[in-house]
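# Secondary and tertiary structure notes
As a plain string of letters, each chain reads:
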Amino acid sequence: MRSFKLPQKLMILVSVPLIFGLLFTAILTVLLKKADLEIRQEQRAKSLISQAQLLTLCTNDALIYMGGYSATHSKISLSHYEQSCAETVKVQTELHRLVGDDMQQKEILKRIDSSIAELIEIFKQTKEGSDTPQGYRGHIIAFKLYGMVQKNQSKLRGELNELTADAKKQEESTKADIRSAINVVLIVGTLLNILLTVVLTLYLGQSFGKRLNILTDNAMRLASGEELNPPAKGNDEIAELDAIFHKMAATLAEASRKERATIENALDVICSIESSGRFTNVSPAAKTVWSYEPSDLVGRRYIDILAKTDAERIRRIIEDTVAKKATCSFEADVVRPDATEVAMLWTARWSDIEKSLFCVAHDISERKRAENLIKASEERIRSIIRHLPVGTISISPGGTIESVNPKIEELFEYSESQLVGSPITKLLAAEALNLEEFGRFTERVGQKSNGNTFPVELTLTKFEDLEAKHFLISLQDITERRNIEQMKQDFVAMVSHDLRTPLGSIQAVLTLIEEGVYGQIEERGLVRIRNSQKSLQRLTGLVNNLLDLEKMESGKLTIVPEPTSLKAIVTQSLESVSPHAEQQKVSIELNCEDAQLTADGDRLVQVVINLLSNAIKFSTENSTICLSCAFKDNWAEVKIVDSGRGIPKNMQELIFEKFQQAQTSDGKRGRGTGLGLPICKAIVEAHGGQIGVESEEGKGSNFWFRIPLITRV
């Protein structure tokens, strides 16, 4: 048997009475329409009877007025007679209309019309007899005709009575039929309505009531933890609701099981404490974390297992939490049975319904140990910073001093309390510090508390903590370094200027001696003189390099750009180093594209000669040096590639600094002052260019520099 859904059952509950009501209404409507029709027929029958009676009156009046006229020849009687005849015609016409299509009544009406026609004819003859000159004769004729009139009137009355009797019979028959039909419909409709109500009530009561009672009972069973009734039968919404209820019960049971499993397997201790301060329930984790059996703790006061130093403080916190019915969190150590302590983080919430404090205690021993280690580490770092020979300043992004180490206090003669919260410009007399200059050494002017200034070198680094980002300044006094550099510059200036003039004089004298101006010199003496000239040339080169270095450091290295040819620069440089290359048995291979550029040709020749000289010096015999030049994107690039001993990776940046020379793995350095490459770098950068080296130790070097085709000074 098919089982309907709840909406379908409700639809049946609504639609069946509705359909029955509509059907009942339709039947009553039909009967009412029929009754209305019969009422109209009844009215027609009454009108028919009334007109029949009127017709009788009209004929009687015509008879009376005709009799009066026959006797008196009164015009008034004649006029009334004519009116009665005319009224008779009207009544006949109305009777024809009322009879309509009723064949039986039409037959009766036909006979009535015949009788009236005969009667009118008799009246006519009577009038004619009365109008003769022999009046007495007319009276005789009228008297004779009177019997005929009486006879015709009797016949007419019979026919009119037959017509009215038929109308009354139809009227009574119609009323009886209508009453009978309405009574039957009302009785049958009422019985069917009662029966339908009883059937639907029983059906829906059987379908809903019993199963709703099952649902109610299941709810009570679920609340009390009892087993539920078997699932309700059917596939409607109540059955689905019962199925969902069973599923919910299973889910709750599973959730309860998981909750118990979670509590039983939780690493944290979960417990409940009543208002008196005694444990009412403790999870199994107490055995692992506290070394107490849960059963041993139930009924025991929580204060008994806390460290004595924490007991009073925790008691006040718990009492305040219970009084406010709130939640609290605190740290308290638990004393194990073996007298060891374990650090715990407690979270507690008071339940007013259960009248208990529910707690979760988390073991934070490892975190405490880590915090202690971090504190010790922080203390070591603070100690290191305090004893650093370099001053350190921590500042905020806004440039406010947050902390300083003792070295800063010593350098600037301020206490830390006087500096914290002050702007960094309080210590730096020069322009404001640019917080974007990370990792670079910059020189500034420091200002002490007494107003005296001194040079400082500082570097800026950025670091972040949990709160915000900060900046750290590492600072040191470079007064002594400045003094040493000044002494060095003074020495270089003295050596350069005090040696250059005598060296020129000595060079001139040796040249004159070599040419025999002062007499002939033996071959052995000439060798000595030539060796002396070479030494003088090296010494003169050193002096010139020192002068160039001084100009470079003082910003006086002059560049005079003028139109020149790159190939001319390279060719001139080759001519200068060719004798030295031949002496070292090294060949130079040239591959150069020619182009015009605007630059200081003499200075670039100096750069190329220096790079070629270094390549020749460090190349082996019978090796080849490749010299190439090319143009790309408005740049001129020169490369000098040798196959010498190469430069260690850690020295490739240092060799462009003053007095630095590459040292190979065997510890040997090349002969020279260590000023050539720094001077080359200064010249190239003065042209707006770049210089660098690519090298691998034992496989040679590739020195290159590039300058713009048009140098702007």
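Residues numbered from 1 in each chain as written. Predicted model: local features only at pLDDT ≥ 70, side-chain atom pairs only at ≥ 80, totals over all residues. Heavy atoms only, no water.

What follows is about the state of the cysteines. Applying the stated criterion to the full structure yields 1 disulfide. Bridging Cys592 to Cys629, the disulfide has an S-S length of 1.7 Å. You can see Cys592 sitting in strand S12 (residues 587-592) and its partner Cys629 sitting in strand S14 (residues 624-632), a full 37 residues away along the chain. As far as burial versus exposure is concerned, Cys592 and Cys629 are alike and both buried. Of the cysteine sulfurs around Cys85, a residue in no disulfide, the closest is that of Cys58, at 9.4 Å. Using a relative accessible area of 15% as the deciding quantity, one classes Cys85 as buried. There is no disulfide at Cys359, and the cysteine sulfur nearest it, in Cys271, is 4.6 Å away. (Disulfide = S-S within 2.5 Å. Helix = DSSP H or I, 4+ residues; strand = E, 2+ residues; numbered from the N terminus. Buried < 20%, exposed > 50% of the residue type's maximum accessible area, 1.4 Å probe, protein only.)

What follows is about the nonpolar core. In this structure, Leu612, Ile655, Phe703, Phe705 and Ile707 are the most contacted members of the largest nonpolar core, which totals 39 residues. Among the elements of the structure, helix H14 (566-583), strand S13 (596-599), helix H15 (601-617), S14, strand S15 (635-642), helix H16 (676-686), strand S16 (690-695) and strand S17 (701-708) are those that each provide at least two residues to this core. Looking at which element gives the most residues to this core, the answer is H15, with 8 residues. Cys271, Trp290, Phe330 and Ala332 belong to the second-largest nonpolar core, a separate cluster that totals 30 residues. (Core = buried A, V, L, I, M, F, W, Y, C linked by side-chain atoms within 4.5 Å.)

Even without glycine at this site, Lys585 takes up a positive phi of about 60°. By secondary structure assignment, the location of Lys585 is in the loop between H14 and S12.

An order of S7-S6-S10-S9-S8 is seen for the 5 strands of this open sheet, with the pairing classed as antiparallel. Here the strands that pair on one side only, and so sit at the sheet edges, are strand S7 (401-404) and strand S8 (442-447). In this sheet, neighbouring strand axes are inclined to one another by 35° on average, regardless of whether the strands run parallel or antiparallel. Two strands pair when backbone bridges link them, and strand S6 (residues 391-395) and S7 are joined in this way by 3 bridges, in the antiparallel orientation. Looking at S7, one finds that Ser394 is bridged to Ser403. (Pairing = 2+ DSSP bridges. Axes fitted to C-alpha atoms, helices over the stretch in contact; angles between N-to-C directions.)

Before going further, it helps to spend a moment on the packing of aromatic side chains. For the coordinates displayed, the defined rule picks out 3 aromatic pairs. Centre to centre, the rings of Phe412 and Phe454 are 5.3 Å apart; their planes meet at 50°, and the pair counts as tilted. You can see Phe412 sitting in helix H10 (residues 406-412) and its partner Phe454 sitting in strand S9 (residues 453-464), a full 42 residues away along the chain. Using a relative accessible area of 6% as the deciding quantity, one classes Phe454 as buried. Taken together, Trp290, Phe330 and Trp346 form an aromatic cluster joined through their ring pairs. (Phe/Tyr/Trp six-rings, centres within 6.5 Å; stacked < 30°, edge-to-face > 60°.)

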